[in-house]
Structures are given as structure tokens and as C-alpha cells.
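Spelled out, the chains give:
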Amino acid sequence: MDKIKTENTETEILIAAKEIFQQKGMAGARMQEIADKAKINKALLHYYYRSKQLLFEAVFKSAFSLLAPQLNKVLNDDSDLFEKIRKFTENYVSFVIKHPYLPNFVIQELNKNPEFVLKLRSEKNFPSIDKFKLQVSDAIKQGVIKPIEAEQLFINIISLNIFPFIGEPLLMALVNVDKESYNKILENRKTEVAEFIINSIKNEKK
């Protein structure tokens, strides 16, 4: 019974923390506010998570544990390279729309806590691009795509997917749209990014 109660309390904390972090970001979130949202006292919250940083990491790991298997499955399934790019982009953008705090958290952690990525890498289902690299190599040999390093292609895909979330305030100002219109732009990124990438690497002579 105590174990179930503990698991339920921790789940409620993570749900509450995710909501507050999404609304206010890491800097704006307060532990008292998270405790209130989880309907527990602050002392109990600190019993489970000694600091806001540790709680933020727990929320991130919880979300990443849902995203990583999806991306890993796409990267290692038997679909062709172009379909793989389409599915990867759709899955990634769809997920980040639901968890908008994740990209900024990754950047923040990379800057001040690079060891955190090493922790993530040791997690089960951490995405592997080995099969993706083989497919890129085969596609080049067959003349389906122009010569490009698989690592460069993968970085291009990730960059085009992630920056619209990291740079949202700036991009909204530059393209002069409100939040509702920008959300539609993000929704369209699910297909726009993939088609842009595919058209840039496709060998038209083939």
C-alpha cells in the first residue's frame, strides 16, 4: 500500500511540475506552486525532489522516455529513407508541440550540465542512427540522393525541427504573426520540414 501511495504521489508531482514548467518555464516555476498543484505540502515535495533542478530533470526524463522509443523505432524500421525522414519529422514535431518546454531545457542543460546528456545516453531506447547511416550510404550508392554525410543530414533534420520551438518569440516577431497563427505554422512543420529536406537531397537525375 505504501509503495502504491508513493508511486501515486510521485506521479502527481510530475504531472503538476510538467504543467507549471510548460506555463512558466524553468526560471519562472516555483516549488511551492508545484506543491500546491500536486496538492501536497512543500516539505513532502522536497522529500521526493531536493531541488527544482532535480525535479525538472525528472520531468524531462519522463517525457524523453516517451519520445525516445518512438524516434528509435522510426530510425530502425524498414521504411525507405524518404519515408523515414517524413515519419521522424512528424513524430518529433507532434511530440514537442505537446511538450514545448523540452527544447529549451535541452539547450539549457547542454550549456551548464553537459553530463546530463551522458546520463540520457545510457537510458534504454536512446535513439541510434546506425541504420539511418547505412540507408543514407546505400541511397547515395544507388544514386537516389546526392552525396551527403549521414551525420550532417541528421543534424539538418534535427535543427530544422527544433529551432522553431527554441526561437519562437523571435520568429513570431520576424514573420509578424500572433500565437494562434504561429501554432498553425508549427503544425505545418510536420510535413514542410520533411519535404524541404527530401527535395534538397533527392537526385533528380535518378
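Read on for a plain summary of the structure. (Residues numbered from 1 in each chain as written. Predicted model: local features only at pLDDT ≥ 70, side-chain atom pairs only at ≥ 80, totals over all residues. Heavy atoms only, no water.)

What follows deals with the overall build of the chain. Of the regular secondary structure elements, the chain holds 11 helices and zero strands. Secondary structure of the chain in N-to-C order comes out as α-α-α-α-α-α-α-α-α-α-α. In terms of principal-axis extent, the alpha carbons of the chain reach across some 65 × 40 × 30 Å. Going through the 206 residues of the chain one by one, you find that 39% of them count as buried. In the chain, once contacts between residues fewer than 6 apart in sequence are set aside, the share between residues at least 24 apart is 69%. (Helix = DSSP H or I, 4+ residues; strand = E, 2+ residues; numbered from the N terminus. Buried < 20%, exposed > 50% of the residue type's maximum accessible area, 1.4 Å probe, protein only. Contact = heavy atoms within 4.5 Å.)

This part takes up the pattern of salt bridges. Counting across every chain of the model gives 10 salt bridges. Here Lys24 makes a salt bridge to Glu33, at a shortest N to O gap of 2.6 Å. Looking at Glu33, the relative accessible area reads 23%, which means it is partly exposed. Glu187 serves as the salt-bridge partner of Lys190, at 2.4 Å between the closest nitrogen and oxygen. Here Lys190 and its partner Glu187 are both found in helix α11 (residues 179-201), three residues apart, which amounts to about one turn of the helix. By sharing partners, the salt bridges in this structure join Asp77, Lys84 and Lys87 into a single network. (Salt bridge = Lys/Arg side-chain N within 4 Å of Asp/Glu carboxyl O.)

To continue, consider α11. Spanning 23 residues, α11 covers 32 Å between terminal C-alpha atoms, matching the ideal 33 Å at 1.5 Å per step. The sharpest bend along α11 comes to roughly 50°, located at Arg189. All of the buried residues in α11 are Tyr182, Leu186, Lys190, Val193, Ala194, Ile197, Ile198 and Ile201. Lining the buried residues of α11 we find α5 (81-98), α9 (150-166) and α10 (168-175). (Expected span 1.5 Å × (residues − 1). Bend = angle between axes of the 7 residues up to and from the residue.)

So, about empty space enclosed by the protein. Enumeration over the complete set of coordinates arrives at one cavity of 30 Å³ or more. The computed volume of the largest cavity comes to approximately 30 Å³. What lines the largest cavity is simply Leu75, Lys84, Ile85, Phe88, Phe132, Phe154 and Ile157. Mapped by element, the contributors of at least two residues to the lining of the largest cavity are α5 and α9. (1 Å grid on protein atoms, 1.4 Å probe; cavity = no way out; pocket = protein on both sides within 12 Å on 5 of 7 lines; lining within 4 Å. Points joined across faces, edges and corners; volume = space filled by probe spheres on them.)

With that settled, consider the side chain of Lys84. Here Lys84 shows up in helix α5. One polar contact links the side chain of Lys84 to the main-chain carbonyl oxygen of Asp77, over a distance of 3.0 Å. (Polar contact = N/O pair within 3.5 Å; in protein donor to acceptor, adjacent residues only side chain to side chain.)

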